[in-house]
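Chain residues, written in single-letter form:
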Amino acid sequence: QVPFFVCVPVVYDGKTEALLLSGRMREAKPFFPPLDEGDVSTFQSIAGFLASALHNAELFEHQRRQAESFARFVPKEFLEFLDRRRIVDVQLGDQTQREMTILFSDIRSFTTLSEQMSPKENFDFINRYLEFVAPAIRHNGGFIDKYIGDAIMALFPGDADQAVAAAIGLQRGVERFNAEQARIGGPAIAIGAGLHSGSLMLGTIGFAERMESTVISDAVNLAARMEGLTKMYGAGVMISEDVLSRMKKPDAFQIRKVDRVKVKGKRDPVNVHEVFDADPPEQRDLKQATRDAFAKAFKAYAEGDMNAAREGFAGVIQQNQHDLAAATLLSRCEAFVKSGVPTEWDGVTALDHK
């Protein structure tokens, strides 16, 4: 029933991907001429357009996958801050200044732990750990700038409250990770998270053949120092005064001031605060119950009344023997009682370590 028929291959990348078929049904009256060379040329042109469409579709899909791949290495937020639509638009030296909260987190004693594992086990361990903790950053409006071994550096362009909530989320993630570790017979871990808010520069560094995105700022260094202080005070989360002052609802969190220090490499002192929402329930309750007593003892310490401060911190430890911050300050008070308080005492302790 199809006396006039044409079949043209749709050729893409040297292969026939489809067949373009057309025919003319038998008509009531004879129809001449039948399909000729011109008709075949027309169908060949249409087949060429279809091949181009297949090529464009594949190219688009490749670009989409490539963009998704780049996004896993360079956060899309970074491109937005640099006012670039695509990674290929980024130029060496692109930069912008922003006010943000920076978060650093690190696994404690990971070097010792990693020495017991093979290189593959190290990678597998870190990636499993990150699956449990990293989503808390995205869920609270932040993005991960980089991984530094087992450490995370994240940026929060929004409210400082979100950054603090993310740090608490990291600790919650560690709880779930440790539960999974216990199930499979693996070692438990602990992490510290430090936060600081301030001005920073986002941009690209390197040279024409190899560049990367980075953040440069004194605020970044201080955030790293905050993380380092978590070990000294036995804290899960430490924040600077700048973070606390930028929080919209600080009362929604459990926070106490634990010291005023000059961190290594910095001239200006900074007030250091502990956020203990993610502590084990018993410790959280004890720190909350002794928060006023701790604050009163610290006030005496800052004013140079070391006898009163010593008595206050000793009382805190009597209620909570695992309060490392109180124990650290009590030790200082006892040293000052023996040696005397310096005449220029201003409540600031200069630290000689990171």
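The sections below set out a description of the structure shown in this document. (Residues numbered from 1 in each chain as written. Predicted model: local features only at pLDDT ≥ 70, side-chain atom pairs only at ≥ 80, totals over all residues. Heavy atoms only, no water.)

Right, let's get into the environment of glycine 315. As for its position among the elements, glycine 315 is in helix 11 (residues 306-319). Separated by 295 residues in the primary sequence, glycine 315 and leucine 20 have C-alpha atoms spaced 89 Å apart. (Helix = DSSP H or I, 4+ residues; strand = E, 2+ residues; numbered from the N terminus.)

With that settled, the discussion passes to the packing of aromatic side chains. Scanning all chains against the criterion turns up 8 aromatic pairs. Judged by centre distance (5.3 Å) and plane angle (70 degrees), the rings of phenylalanine 294 and phenylalanine 313 are edge-to-face. Placement of phenylalanine 294 in helix 10 (residues 291-303) and of phenylalanine 313 in helix 11 is noted, with a sequence separation of 19 residues between them. The exposure class of phenylalanine 294 is buried, given its relative accessible area of 1%. Considering the side-chain rings of tyrosine 301 and tryptophan 345, the 5.3 Å spacing of their centres and the 80 degrees angle between planes classify their relative orientation as edge-to-face. Of the two residues, tyrosine 301 is situated in helix 10 and tryptophan 345 in the loop between helix 12 (324-339) and strand 11 (349-350); the sequence distance between them amounts to 44 residues. One exposure class covers both tyrosine 301 and tryptophan 345, and it is buried. Taken together, Phe110, Phe125, Tyr129, Phe132 and Phe177 form an aromatic cluster joined through their ring pairs. The ring of phenylalanine 294 carries the charged tip of arginine 256 above its face, separated from the ring centre by 4.4 Å. (Phe/Tyr/Trp six-rings, centres within 6.5 Å; stacked < 30°, edge-to-face > 60°. Buried < 20%, exposed > 50% of the residue type's maximum accessible area, 1.4 Å probe, protein only. Lys NZ or Arg CZ within 6 Å of the ring centre and 35° of its normal.)

Further remarks concern helix 6 (residues 160-184). Relative to the 36 Å expected for 25 residues at 1.5 Å per residue, helix 6 spans 36 Å between its end C-alpha atoms, a close match to the ideal helical length. Once helix 6 finishes, glycine 185 follows within two positions and takes phi at roughly 80 degrees, a positive value. (Expected span 1.5 Å × (residues − 1).)

Position of alanine 224 among the secondary structure elements: in helix 7 (residues 218-233). In the structure, alanine 224 is positioned 66 residues away from glycine 158 in sequence and 20 Å away in space, judged by C-alpha atoms.

If a residue is not glycine, its phi is most likely negative; likewise, a peptide bond is most likely trans. Here the phi dihedral of aspartate 13 falls at roughly 55 degrees; this positive angle occurs in a residue that is not glycine. For aspartate 13, the position within the fold is in the loop between strand 1 (4-12) and strand 2 (15-24). In this model, serine 109 sits at a positive phi of 55 degrees, which is unusual for a non-glycine residue. Tracing the chain through its elements places serine 109 in the loop between strand 3 (95-107) and helix 3 (110-114). Residue classification places serine 109 among the exposed residues on the basis of a relative accessible area of 57%.

What follows is about the pattern of salt bridges. Evaluation of the coordinates by the stated rule reveals 13 salt bridges. When the shortest N-O distance is used, the salt bridge between aspartate 323 and arginine 256 registers 2.8 Å. Residue aspartate 323 is located in the loop between helix 11 and helix 12, and its partner arginine 256 is located in strand 9 (residues 255-262); the two are separated by 67 residues in the primary sequence. Each member of the pair, aspartate 323 as well as arginine 256, is classed as buried. A salt bridge links arginine 332 to aspartate 259; the nearest nitrogen and oxygen atoms lie 2.7 Å apart. Highlighted residues: arginine 332 in helix 12 and aspartate 259 in strand 9, separated in sequence by 73 residues. What makes arginine 332 buried here is its relative accessible area of 14%. (Salt bridge = Lys/Arg side-chain N within 4 Å of Asp/Glu carboxyl O.)

Let us look at the packing of helix 11 against helix 12. Running from N to C, helix 11 and helix 12 point in directions that differ by 150 degrees, and their axes come no closer than 9 Å. As summarised for this structure, helix 11 and helix 12 are arranged roughly antiparallel, according to the angle between their axes. Relative to helix 12, the crossing made by helix 11 is left-handed. Between helix 11, through Met306, Asn307, Ala309, Arg310, Phe313, Ala314, Val316 and Ile317, and helix 12, the contact on the second element is made entirely by Ala326, Ala327, Leu329, Leu330, Cys333, Glu334, Phe336 and Val337. Each residue belonging to the contact of helix 11 with helix 12 can be placed in one class, and the counts come to 13 nonpolar, 1 polar and 2 charged. (Axes fitted to C-alpha atoms, helices over the stretch in contact; angles between N-to-C directions. Parallel < 35°, antiparallel > 145°, perpendicular 65-115°, else oblique. Left-handed = near helix turned anticlockwise from the far one by under 90°. Contact = heavy atoms within 4.5 Å. Nonpolar A, V, L, I, M, F, W, Y, C, P; charged D, E, K, R; others polar.)

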